[in-house]
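Results of the structural survey
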Amino acid sequence: MKSIYKLSGINRNPAVTVALRSSSASTFTCSIHRRAFTSSAAALSAVKIQSPSRGFKTDSTTNQALSGSTTSFASSLHSDPLFSTSFDRSKQSSSSPSSTSPPSSTTSYMPGLNTTSWSSPHDSINRHQFLKDYSHLWTLLEACLESGNFERAEHVLISFSEHSDSKDLTMAVNNYLLRLSELNSKDSNVSQTWLRNISRKIPKFSPDTITRAIILKNKCLHYDYEESKIASYIRQYSTDILKHVDVLGIDMIAKIVKVCDIPLSDIDPQFRSLVQAVLEIPKESNVDASVDTTSDATSAPNATTEPTKQASEAKADKDLTTQREQQEAINTKLASFDIDSIKSLSKPGVENLNAVDSFGLKAIQHTLSGFASNSEQFNGVLDKIIPFASEKNVNNTNYIDFYKMVQQMESPESKATLEEKEKFYEAFESYNIARQKTIERRGLEGANLKWKHSHEQMRQAGALALKPLEALLWEWNLAMQPLLEQEFARIKEVVKYTTTRKAKDAHKKAVAAAAASASSATSKKTAEDDLLEFVEGENEDIDLSISDRFEYGPYLLLVNSQKLGILTILEILKLVSTGGIQEGMRTARAVLSVGKAVEMEYKIAKASKREKDIFGGLSPESLSDQSSVSALHDKIKESNLSNQVSWPSSIRAKVGSLLISLLIHVAKVPVTGKDPVTGDVVTGKAPAFFHSYQYQGGNRVGVLKVHNFLSKYISGDTPSNFLQPQLLPMLVKPRPWKSWRSGGYIYSTSSIMRVKDAPEQIAYLRAASDNGDLEQVYEGLNVLGDTAWTINTPIFKVVSKVWNTGKEFLEIPNEPGPLQAPQAPPRDADPQVRRSWLRECRKIHNEHTAKYSQRCDTNYKLEIARAYLGERFYLPHNMDFRGRAYPLSPHLNHLGNDLSRSLLMFWEGRRLGESGLRWLKIHTANVFGYDKFSFEEREQFIDEHMGDVFDSAEHPLDGEGWWQQGTDPWQTLAACMELTNAMSLSNPEDYISHLPVHQDGTCNGLQHYAALGGDIEGARQVNLVPSERPQDVYSKVLEIVQRYVNADAEEGHPLAELLKDKLARKVVKQTVMTTVYGVTFIGARAQIASQLKDKEGIDETQVYECSVYLTRKVFLAVRSLFEGAHLIQDWLGDSAAKIAKSVRLDIDTPSRRNGNRPDFMSSVIWTTPLGLPIVQPYREQKRLQVATRLQSVQLVDPYALRGVNARKQKTAFPPNYVHSLDASHMLLSAAECGRQNLQFASVHDSYWTHAADIDKMNVILRNAFINLHEVDLIAQLKNEFDQRYGGMLEYAEIPRHSVIAQRIIKARQDLAAIYRAREEEEEQQSWTDAPKRGRKKKAKKSASSTNLTVAEEIAIERERIDLLSSPEPEDVARGQSMVTPLSIVESLEPEELDALIKEANSTKKQRSVKSKTSSFIKSTEHSGSGYDKQASAAAAAEEDIDLLDDVEEDIIDEVMGDEESGATTKKTPKLDSLASAKSSTSVGVFIRLKVDAVPPKGTFDVKELRKSKYFFS
Amino acid sequence: MSVGITPSIVEASFRKSFGRRSILNYNLSVSAIRKMKLAEYYKDNVTIIDAYPGNGIWSAALHNEIKPANHVLLEPLVGAQKFLKQFIDPSKNTLKLWPEDPFRWATYENIVTEKVITPIVHPRTEINPHLLFTCNLSTIQGEQLCVQFLNCVMNRNWIQKYGRVRMLLWIRYSTLVKLLATPGSKRRGRVSVQTEACSDTRLIIDNKMADLTLDKQKYEPLEVMTKPNDIFPTKAPIALIQVDPLEADIEQLDYFEYVIRTLFILKTRPLKEGLAILGPGALDDMGPSLRPLLNKKPADMTLEEFFLVTKAFGAWPFKPEILHDFYAESDYSLHATSVSNSSGRT
DNA sequence: TGACTCTCTACCGACAATATCGGTATGACGCCA
DNA sequence: ATGCGTCATACCGATATAAGTCCTAGAGACTTT
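Source: prediction; values computed, not measured. (Residues numbered from 1 in each chain as written. Chains lettered and ligands numbered in written order. Predicted model: local features only at pLDDT ≥ 70, side-chain atom pairs only at ≥ 80, totals over all residues. Heavy atoms only, no water.)

A short note on the overall build of chain B
Regarding its fold elements, chain B presents 14 helices and ten strands. The principal-axis extent of the C-alpha atoms belonging to chain B is close to 70 × 70 × 40 Å. Residues counted as buried form 59% of the 346 residues belonging to chain B. Once local pairs closer than 6 in sequence are excluded, the contacts in chain B between residues at least 24 apart make up 74%. Per element, the accessible surface of chain B, about 14100 Å² overall, is 52% carbon and sulfur. (Helix = DSSP H or I, 4+ residues; strand = E, 2+ residues; numbered from the N terminus. Buried < 20%, exposed > 50% of the residue type's maximum accessible area, 1.4 Å probe, protein only. Contact = heavy atoms within 4.5 Å. Areas by Shrake-Rupley, 256 points an atom, 1.4 Å probe, with all protein chains shown as cover.)

Re the overall build of chain A
The helix and strand inventory of chain A stands at 57 helices and 27 strands. By the burial criterion, 59% of the 1513 residues in chain A qualify as buried. Within chain A, contacts between residues separated by at least 24 positions form 77% of all contacts whose residues are at least 6 apart in sequence.

Concerning the nonpolar core
Ile256, Trp476 and Phe689 of chain A together with Phe133, Phe149 and Leu169 of chain B are the most contacted members of the largest nonpolar core, which totals 198 residues. Counting residues per element, this core draws most heavily on helix H19 (residues 469–495) of chain A, at eleven residues. Built from parts of two domains, this core gets at least three residues from each of domain 1 (7–245) and domain 2 (253–340) of chain B. Discounting residues that sit within four places of it in the chain, Phe133 of chain B has contacts with Ile49, Ala51, Tyr108, Phe149, Trp158, Ile159, Val165, Arg166, Met167, Leu168 and Leu169 of chain B. Counting residues in each nonpolar core, the second largest holds 170 residues, with Ala953, Val1022, Leu1221 and Phe1511 of chain A among its members. (Core = buried A, V, L, I, M, F, W, Y, C linked by side-chain atoms within 4.5 Å. Domains from an automatic or database assignment.)

Details of the interface of chain B and chain A
Contacts between the two partners involve 64 residues from chain B and, on the opposite side, 70 residues from chain A. Summed over both partners, the interface of chain B with chain A comes to about 5900 Å²; 57% of that surface belongs to carbon and sulfur atoms. Measuring nitrogen to oxygen at the nearest pair gives 2.2 Å for the salt bridge that ties Asp254 of chain B to Arg827 of chain A. The tally of links between chain B and chain A comes to eight residue pairs in polar contact (both at pLDDT 80 or more). Of all the secondary structure elements, the ones that give two or more residues to the side of chain B that touches chain A are helix H5 (78–85), strand E4 (95–98), helix H6 (105–113), helix H7 (142–155), helix H10 (253–263), helix H11 (271–276) and helix H14 (333–343) of chain B. Partitioning the side of chain B that touches chain A into residue classes produces 31 nonpolar, 15 polar and 18 charged. (Buried area = accessible area lost by both parts, 1.4 Å probe. Salt bridge = Lys/Arg side-chain N within 4 Å of Asp/Glu carboxyl O. Polar contact = N/O pair within 3.5 Å; in protein donor to acceptor, adjacent residues only side chain to side chain. Nonpolar A, V, L, I, M, F, W, Y, C, P; charged D, E, K, R; others polar.)

A look at the sheet that holds E4 of chain B
Residue and element names in this part refer to chain B. Taking strand neighbours across the sheet as the criterion, the eight strands line up as E4-E3-E2-E5-E6-E10-E7-E8 in an open arrangement whose pairing is mixed. The open sheet terminates on both sides in strands that have one partner only, identified here as E4 and strand E8 (223–225). Averaged over all pairs of adjacent strands, the angle between their axes in this sheet comes to 20°, without regard to strand direction. The sheet contact formed by strand E2 (residues 47–51) and strand E5 (residues 127–137) spans five bridges and is parallel. Residue pairing in the sheet places Thr47 in a bridge with Leu131 of E5. Set on the sheet, helix H8 (residues 173–180) makes contact with strand E6 (164–172), strand E7 (199–207) and strand E10 (238–245); between it and E6 the angle comes to about 130°. (Pairing = 2+ DSSP bridges. Axes fitted to C-alpha atoms, helices over the stretch in contact; angles between N-to-C directions.)

Side note on the pattern of salt bridges
Residue and element names in this part refer to chain A. Throughout the structure, instances matching the rule amount to 62 salt bridges over all chains. Between Glu487 and Arg549 there is a salt bridge, with its nearest N and O atoms 2.8 Å apart. Highlighted residues: Glu487 in helix H19 and Arg549 in helix H22 (residues 542–556), separated in sequence by 62 residues. As far as the burial class goes, Glu487 and Arg549 line up, both buried. Through salt bridges that share partners, Glu142, Glu146 and Lys606 make up one connected network.

As for the sheet that holds strand E8 (residues 689–696) of chain A
Residues and elements named next belong to chain A. Read from one edge to the other, the open sheet built from three strands follows the order E5-E9-E8, with strand pairing classed as antiparallel. In this open sheet, the two edge strands, each paired with only one partner strand, are strand E5 (584–586) and E8. Strand after strand, the sheet turns through a mean of 35° between neighbouring axes, direction not considered. Pairing analysis gives eight bridges linking E8 to strand E9 (residues 699–706), with the strands arranged antiparallel. When the bridges of E9 are listed, Tyr695 appears paired with Arg700. The strands touched by helix H23 (residues 561–575) are E5, E8 and E9; relative to E5, the strand with the most contacts, the crossing angle is about 100°. With respect to the sheet, helix H24 (residues 587–615) is in contact with E5, E8 and E9, its orientation differing from that of E5 by roughly 80°.

Describing the packing of helix H46 (residues 1206–1235) of chain A against helix H48 (residues 1273–1285) of chain A
All names here are of chain A. Where H46 contacts H48, the two axes come as close as 13 Å, and the packing angle between them is 120°. Relative to H48, H46 is oriented so that their crossing is right-handed. Where H46 abuts H48, its residues Phe1213, Tyr1217 and Leu1221 lie against Leu1273, Ile1274, Leu1277 and Phe1281. A breakdown of the residues in the contact of H46 with H48 according to their chemical character gives seven nonpolar, no polar and no charged. (Left-handed = near helix turned anticlockwise from the far one by under 90°.)

Some details on the side chain of Gln1021 of chain A
All names here are of chain A. By secondary structure assignment, the location of Gln1021 is in helix H39 (residues 1016–1021). Given the relative accessible area of 3%, Gln1021 is considered buried. Here Glu1017 takes part through its side chain, which lies 2.9 Å from a polar atom of the side chain of Gln1021. Not counting residues within four places of it along the chain, the set of residues in contact with Gln1021 comprises Gln1031, Val1033, Lys1036, Leu1121 and Phe1122.

Quick look at the packing of helix H6 (residues 188–201) of chain A against helix H7 (residues 209–222) of chain A
Residue and element names in this part refer to chain A. Running from N to C, H6 and H7 point in directions that differ by 155°, and their axes come no closer than 8 Å. Viewed along their axes, H6 and H7 adopt a mutual orientation that is roughly antiparallel. Contacts between H6 and H7 involve Ser188, Asn189, Ser191, Gln192 and Leu195 from the first element and Thr211, Ile215, Asn218, Lys219 and His222 from the second. Residue composition of the contact of H6 with H7, grouped by class: two nonpolar, seven polar and one charged. (Parallel < 35°, antiparallel > 145°, perpendicular 65-115°, else oblique.)

What to know about the domain arrangement of chain B
Residue and element names in this part refer to chain B. Per the domain assignment, the segments making up chain B are domain 1 (7–245) and domain 2 (253–340). The C-alpha-based centres of domain 1 and domain 2 are spaced at 33 Å. Listed as interface residues are 15 residues of domain 1 and, on the opposing side, 14 residues of domain 2. Carbon and sulfur atoms make up 66% of the area that domain 1 and domain 2 hide from each other, which totals about 1100 Å². Between the two partners, domain 1 and domain 2, sit four residue pairs in polar contact (both at pLDDT 80 or more). Within the residue set of the side of domain 1 that touches domain 2, elements represented by two or more residues are H7 and helix H9 (190–198). Broken down by element, the side of domain 1 that touches domain 2 gets its largest block of residues, five residues, from H9. Across the side of domain 1 that touches domain 2, the residue classes tally to four nonpolar, six polar and five charged.

Looking at the confidence of the model for chain B
Residues and elements named next belong to chain B. The share of residues in chain B with pLDDT of 70 or more is 92%, and the mean pLDDT across the chain is 88. Below pLDDT 50 for its whole length, residues 332–346 participates in 34 contacts with residues either more than four positions away or in separate chains. Scoring the predicted complex yields pTM 0.85 and, for the interface, ipTM 0.94. (pLDDT = per-residue confidence, 0-100.)

So, the UniProt feature "binding site: S-adenosyl-L-methionine" (unreviewed entry) in chain B
All names here are of chain B. According to UniProt, the "binding site: S-adenosyl-L-methionine" (unreviewed entry) feature falls on Ile23, Glu75, Asp101 and Asn136. Considering the arrangement of structural elements, one finds Glu75 in the loop between strand E3 (70–74) and H5. The exposure class assigned to Glu75 is buried, which follows from its relative accessible area of 0%. Ignoring anything within four residues of it in the chain, the contact list for Glu75 reads Arg20, Tyr52, Pro53, Gly54, Ala80, Gln81, Leu84, Leu97, Trp98, Pro99 and Glu100. Within the secondary structure layout, Asn136 lies in strand E5. A relative accessible area of 7% means that Asn136 is categorised as buried. In contact with Asn136, not counting residues within four places along its chain, are Arg20, Arg21, Ser22, Ala51, Tyr52 and Trp170. (UniProt positions renumbered as here; feature names shortened; annotations may be inferred.)

A look at helix H10 (residues 250–260) of chain A
An α-helical segment advances 3.6 residues per turn. Residues three or four places apart therefore align on the same side. Residues and elements named next belong to chain A. Taken as a whole, H10 has its buried residues at Ile250, Met252, Ile253, Ala254, Ile256, Val257 and Cys260. Each element contacted by the buried residues of H10 is listed here: H7, helix H8 (227–237), helix H9 (245–248), helix H11 (269–280), H24 and helix H25 (626–639). Of the residues flanking the end of H10, it is Asp261, one or two places downstream, whose phi is positive at about 60°.

As structure tokens, then:
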């Protein structure tokens, strides 16, 4: 019986444990608890026979290679074909899972192999049983290989092989082999021998052509391309081997082709041109100037041949030098294209921002601008091209203004020839590729050199000088080195054993030996001992640190100690004052960030190195055939082990915590303090960081605090200096999206979808990606990524001027001074005083923190903007899980606030033309806030304010400041400048405009709702229906609310009278907006309260009741105005609730908390019109505590199988669905804009393009919307739901008096009898079987009960279904003979059942309406009562005790009654009771899930909006 | 609530507790009060502040035994007010019902300003014989209030500004073990040290069915509730404690609070680990002066030992200046609204 | 055979509580037949 | 070789932590004699 209550799918897997931790080294048995009943009850026991492959103790397979350990994996429980239909989009049904998916291990959808389906068996999107360990092993394998730990890697490989699919396995083996052959390039026998051995050890493994290619490569190197050895091998396996460019590299293929005389036609046509390019290059000139120079640092720095410290430092020096060389080389290249001087022509007066001049962004700026200042010799050609060049301002320009350069080159006056231009662009492009790569591989060593320089300068200046921060940082990094080396040594000591046990034993022996020798030689305490003591901690922790090192060791070894030190310091300083911690940060965040940085560093270096390996002497950016290059890039990324999976967060945390603990230990700052006793000033050195804890509302939080000496150095302007350069805007077009993980940056891998700790989302995404369903999505996103941007320099100048004043201005926060807490009250002050003091402190602290983080954020934006002045850049995009697009690069992007948006403009310019000029004016009016009027009026408005516009543009800070009154002031300023520039031309229409002009949907969510429901009235309100003037939803709602309030005021309602003159659009706006998101009454009330708070004439004490009153009115108004939308919203919500609360028959899902009830396991999943599958990620989270060096850290375990959060699933579905539609609309529009060669950007429901192209875009977006909504999306959704969830059960009620109900009750009794009998029998058995085994406590049931619990009934239903689907006719017959509630219900016609449910529901509703008058809408009608109650309560408090007499009797009685009943007993959740919980007149029953009928669609024809001017405006 | 109506209130309050846990056994209450010798100590001009009287049994016993000049019942629950009113003789002025919530500090000011009570300040040389405080803290929030009352004892504010006011508190068992845990106990924590530091606290009425890990030697109850119907709800054990504030000051109170709060975070780790999180470099600087304690666990340390640590901390030149940490809620709506507003601008 | 208590309160994007204890499962190991 | 008992350990879930509770409202989930 107990098996029912076990989640059979999540048994721990010992074999994996071995590989990960190897806490043990011998035999394991993995037992799977039996799911089937073992009872003798005839009808039920059949299950046992029916599924012989399930529920047995798996045989142990011995594996000698694993030091005698036996590994086994639980067999799949649910591999029935029944549950393995394919995932399909309901509209274009059925497509089988692709067989060409790239190997990956994060997710797996291999039906039948240790998997179960996630949310629905309908889709063959399955969850690997050991998903977590699987991905951990994957990363561990790589780490072991990189660090040259082959023994353990093989260990891992074997564990991995037990439960991986063959493709993943082959890839894993290949990676092993590749690495092995790399380190034994002079002897191909090593790898061949190993391959033979592993094939024997892992019979499942089958080599593929990649395997052959690796061997071939090894042979080539071994025998130095000896024709006889190579040619025969190729002949043996066909020239298919040669298609693996990503293994062999282009150079090698070229050589092979040459040596073996293979025709070029045998080479993969995709890469033929590359090979050809190599063949054509004469040998000597084959020097690549741009490829990675730090690559040797990346190749397993801590492998057996690890560079010494000096070497690595020297190398760092070298790196910088080579970097310079490289830059010069590029300069030469640029020069060779006849543009000898790219000396900046940029404007004077771009002021430097006040910032710490050090690393991070500065380094990036250096990279970007690095070679602008060199040599005068470049003056010449450019001067000829650009007449203005003589006016160039030489001083103060530290960057190249490519923007201006191009503008001038392209201007009509330019004398540049077409050929010159072409050459310029070509040079520009390859220059950008080179720079982009350099940025992505950040120069960590470069940062260190700067620190060192600063340190030396400080030395020269003398000890009295205050140390600059950089000097300090250099010291810290220096001090960390020996500790890191020590740690490396210890790790190597540990990881050379394959199990922790061996390591521990060895350690014990060593200690014993040391003790023996120590007794003779008196131990002298050295500095090293101190180190040792620190690193090792207490003796009792040694075991712990051994197993710890065993886990994180391989990962830490991947990056050299110099880099580790630097990145730790950078990360930590970046995080100061985050997480609401004053002068510190949360430990959890710190350790994870550092760990992630290590991972990033390693992966990017690895990718960069691989690129070099593969391209060999070719310079990818200078090749003409860029499509081949990018195809090869993709191939490289795909085959790279590390691109597949992220490190487990536990590993990140452990790696990070180790580094931080070292930093804490060495980082010191000078301090002075006063001795409390003597009063003397004491000086000393104190740790710069220290680890402690804080309490947050009763919760303990680990924090890392910085010494306040250090915090003096750090202001809001500091963190941008530590910014990670990996995610900045790109200088070249992003790699286009080609699969779910391929696209975006050059080296770092990003996923096309941002997922929330939900492998299920990835699984679905991957399936769709592999299936080729996402082409439209890719196309749209690629258009967004291909939009070229540049910084709006004039705006930047204004902003930086304001910034440097340090004062608050518009969205720019001021420089917050030190936090000033109010004086604490004396201890014996009244608690009230203390409380309000605390509250005040908290408030000030909050404000300070907010201000600080805002200042940081703005600083980030400005620093990035400054770095990219004059550059052309791109913003790679991905999506949230609904499909909405976001730029990958944070901080500065067009989704940011007004300021960010104003700093950006299109790189490309387009002539305004008549329509463009008009739209530019309208846009100016829009951003100013004058957007509720007709286009003509808006245009006129700007014409009337043209003086203000000119003044704003010409005197932004010293003029009238008209722009500052705008809703979006900075964008207004940008528009003013653009307009001014245009108007200054004799013909403004000739102006080449770069400003993005917006078209915004009016309440886009409601627009989609109206279209979905065909709701004419709603459509009219949101401008779907053509109209002469734009409709304003908020004003309309306000109007209705005003009517209600006036009516109440007439009747003398006091609140209505108070409020009737105080209503404003602003009061209702937010609530109307959030209605779409399903805001609750209380949430809306809070919004309204905050609006009312500042209103004149409303007393503070009245705000609350006013807000309650008003919120009711607003809700009523919204509902009346958007009846259709609400019907759809409700339907979506109800459907989601049904799905989220459905019970699955295909898997066993008992509740963790209450074994009597199943957990709900099905997420709401749907497919957008573009084919993107969307999975709502809301499940209960399992949290793990991971012990790290500093403290234990709590992480979510994304792999845990947990029930859904039904409530969240329900409330979030309507907005998510609508957002998935608006995302589809956007992507469709984007794709079409791309096809029509428009520059396009979007902020969800705000679409941007050039002013001149607005007319075109307006047509495109309207057509896209129509296309989207022409089909009945809701009907389609229902259809999809029916298919996906049709097999599940939902709870329903039918009238108790019905015949069916009676039959069900009877059946339940019968089943219970059988069940109890069998249960007893099993109990007996289990006592004799294993008397010591405690029974699962999950299954709490009252022994005497004759009723079935819900879980039990579900188990029985499941048995029946299983039997019916059995291949054995005997089983099927048995299943047919079973009488269960479900079988009874299913014997009904659907209509009959519907009728019964309807009947039960109606009686229930009647009852509940009678008993409750709680609907807020209803109570609005008597809203006076609340007021009265409040008043009397207040009075009661004030008046004398005697007043108690006045308390009404009925209230008392009520309370007393409650008290009485509180003492009465409670009840068990028996199914029968579940039925009667709501009403004794009905019976609860599980039926097949069926979503409700779709609400009838209205008559609005979406095509009408083609004519609607203000649909988007 | 005169003696004459005792049977009626006992009967009437049977299985009533108004959402709290209360004693039902009147006689046992009386017996405990007598063993405490309350009537002997509180003789003259006695005021009882009686918070959350609920079903009134305990209040009746106190009232009848001590016969105070002024007994004010702080009862915010309307149902309980109504119930209690039946037993209050309006003609007498000794027993009053005040409907404000004892949870609110203002209540205690209001009863003074409204002249419901007129507290007499008594020198700290002895327990204030004119003012007795009792409170039923058996709810889930009761524990919070209890800790705060103890804070007030330490800070000498709230009613403790009238001198050393004895408090008779009904608390849950879970609270009890936190307050009275002795060194070495699993439950030893910050509150137990604080309680020990600022008060002489005794267990007065115990509950038989709870098997708690208390030092029974040290905390011998005066009475024990044995029968199921002694309390209500039956299976929800509570206990009565007597808290007598101490006369002596706690040295360096701020430091003491910080030290115990911080050290108990790692309460079963050796003290040296705890010291390390007191401040940057704390272990290096303070370790030498506390060498004998370094390997002791905070959970095993005595009050005196905590005083030693406090002293060392106070003498440490580099101790942190700010001992109370604030944290910011992640409620930066400033930025968020500016973003969302601009997409749907006005 | 209900009722009481507790929770949560707008979508997304960003993120993230920890120390300790006790029970249970599991494995190592020894012992003995 | 197998089996059994005992001990150690890993894992998992539960609980405490702090100490004003956040002025109210109402629906829904959850629990448990």
